[in-house]
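# Results of the structural survey
For reference, the chains in residue letters:
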Amino acid sequence: MRIQGRIWKFGDDVSTDLIIPGRHLNSYDPDHLAAHAMEGASKEFSSQVEGGDIVLAGRNFGCGSSREQAVTALVHSHISCVVARSYARIFYRNAVNLGLPVFESDEAYETFTDGEVAVIDTDLKSPSLSTAGCAHQVMLSAVPHHAARILESGGLVPYVKTRIDGGMLDDK
Amino acid sequence: MVEAVPDLVLSHENTFLVSNSFDEFGLEGPWDSSRMVVVLDHRIPAHNLETAKVHSRIRELVRRYGVQRFHDVGDGVCHQLLIERRYARPGMLVLGTDSHTTTTGAVGAFGTGIGATEMAGVWALGSIWLKVPETVRVTLDGVLEKLVCSKDVALSLASRFGPSGADYRCMEFSGAAVPSFSISSRMTLCNMAMEMGAKAALFPTDEVTREWYPGDDSAVEGGCSSDDDAAFCEEVHVDLGEIPPMVSGPHRVEAAQSVEAFEELQIDQAFIGSCTNGRLEDIESAAGILNGRKVAPCCRLLVAPASREVLSDSIQQGYISAIVAAGGIMLPPGCGPCLGAHSGVLGPGEVCISSSNRNFPGRMGSDAAEIYLASPATVAASAVAGAIADPRRYLV
């Protein structure tokens, strides 16, 4: 799927404390979390982000606390995906489990700037990020097979449901 | 990649989130509630209606599922209880909905953090997919100077590895100095390995581990150590004698230097506690400095023991009297201040020195506050001085 959106660019080591500070974890309301998404890293993000926008980040995105609300806040900001140079392990799994596409690329980070409008192709096998007129296209790393299966299901809950419905609870 | 069956699954207040996802499966209950440990520790006792509702829902849930290993508010911090209650044992696979689940490596259990929805999947399937990590070996040699402890070693390692230097890897501790590390100090190192990105951290199963399970040799049967010809993706050597008291911050754990670099920096709050450094030996070292002294007038000292047992032992040893007489404020056994969730929240422009594990902006409250990380001894010395201070100045 190709989606056009604004690039929100962040640096290295953006922690889950920056994505959703602990003071907001009292609430489990996804819209409340989205209203404070990226609050520690950008004062404008939560009020200006629009559906389809793209979060572009440096290395080790989502480091720190395992709080899944960091992903929930981004999902309910209706961004199309995150593209980062690399991810912290737990954040990556949480994103996949909640159905948020996460792609890796060094080149995209070097190519695109904050505020630029770009087009993301979220094909998990050959994802790409292109400039608005598609004059320049950067290929992103393909999503690993197992993560892709979960993302294609729409996240871990539907994925596990399929396994349960298929009687796969008994064959381990 | 492997599909692995966990021996223990841990969740805290986010059990609420786990159950929200789990309910979507329409199953009667988790695959094996005897492997579940549920602890209320992050926001205790409930400080507002939202939290009270979450706690009530979790109490109802553990009753319904028959979870025996449920710890209500006041028992302590989840990672502390896994080890203190001997739930975690050598060779176990432990999954927890908290990043610091790496702490169980202190007793040779492979502990790793996962998210809430992932845990719902584990409750349903009884298994998880994991990539078998490469291992980085940290060899500990030499002897620590007095009032220098495993937290200083951890901060020193953080400055070498950075926040992702051990990403996706298991950090294994070895070397001639391993027997000198207590279970408590091993917990601190395994806990802080998370701040270097580690998926898990492991101490070998040795005499210290065996002594942790008195009269129960079977407890350590699953324990293991690396083969002599094991391959490591990276090797790091630490000479313990060269490590000074370390302070890190603000904002980045790896911004750690000798305490000298920060001395005389004014502080507003000092916090001793958390899964990193809230144990008996931590409170003992802080009380040793505070005994007969006073917290500086401009400064608040907060102390939260990691568990009821730690609190009780600290009372018996007289440590709490020393802390309270010095002007310290006791908090219930829990996580609160470390993540700005409950008690001890920092205002804009405030400076805190903390024995916890993270100093990210906004972690303990305002984005415009500064957090410095250090050992309990350094935190206590700083509370007395009203500014970051070298604990060795208070050696008696």
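Predicted model only: the values in this text are computed from it and were never measured.

### Notes on the pairing of strand 5 (residues 117-121) of chain A
- Burial of strand 5 of chain A is one-sided: the residues A118(A) and I120(A) facing one way are buried, the residues V117(A), V119(A) and D121(A) facing the other way are not.
- Count of turn residues in the strand 5 of chain A/strand 6 (residues 128-131) of chain A antiparallel hairpin: six residues.

### Let's talk about the interface of chain B and chain A
- On the chain A side, the residues contacting the 41 residues of chain B number 35 residues.
- The set of elements that each furnish at least two residues to the side of chain B that touches chain A consists of helix 1 (15-23), helix 2 (49-65) and helix 4 (116-125) of chain B.
- Residue contributions to the side of chain B that touches chain A peak at six residues, all from helix 4 of chain B.
- Within the side of chain B that touches chain A, the residues separate by chemical class into 15 nonpolar, 16 polar and ten charged.

### What to know about the domain arrangement of chain B
Residues and elements named next belong to chain B.
- Taken domain by domain, chain B comprises domain 1 (2-129), domain 2 (135-242) and domain 3 (246-394).
- Averaged C-alpha coordinates put domain 1 and domain 3 at centres separated by 28 Å.
- Between domain 1 and domain 3, the contact holds 16 residues from the first and 15 residues from the second.
- The class makeup of the residues in the side of domain 1 that touches domain 3 is four nonpolar, eight polar and four charged.

### Examining the sheet that holds strand 7 (residues 137-139) of chain A
Residue and element names in this part refer to chain A.
- Pairing within the open sheet is mixed, and its seven strands lie in the order 4-3-2-1-5-6-7. Across the chains shown, the open sheet's two edge strands, defined by having one partner strand only, are strand 4 (102-104) and strand 7. Adjacent strand axes in the sheet meet at a mean angle of 30 degrees, parallel and antiparallel pairs treated alike.
- The sheet contact formed by strand 3 (residues 81-84) and strand 4 spans three bridges and is parallel. Bridging across to strand 4, A84 finds its partner in E104.

Calculation rules
Residues numbered from 1 in each chain as written. Chains lettered and ligands numbered in written order. Predicted model: local features only at pLDDT ≥ 70, side-chain atom pairs only at ≥ 80, totals over all residues. Buried ≥ 20, exposed ≤ 12 C-beta atoms within 10 Å, placed from the backbone. Helix = DSSP H or I, 4+ residues; strand = E, 2+ residues; numbered from the N terminus. Pairing = 2+ DSSP bridges. Contact = placed C-beta atoms within 7 Å. Nonpolar A, V, L, I, M, F, W, Y, C, P; charged D, E, K, R; others polar. Domains from an automatic or database assignment. Axes fitted to C-alpha atoms, helices over the stretch in contact; angles between N-to-C directions.

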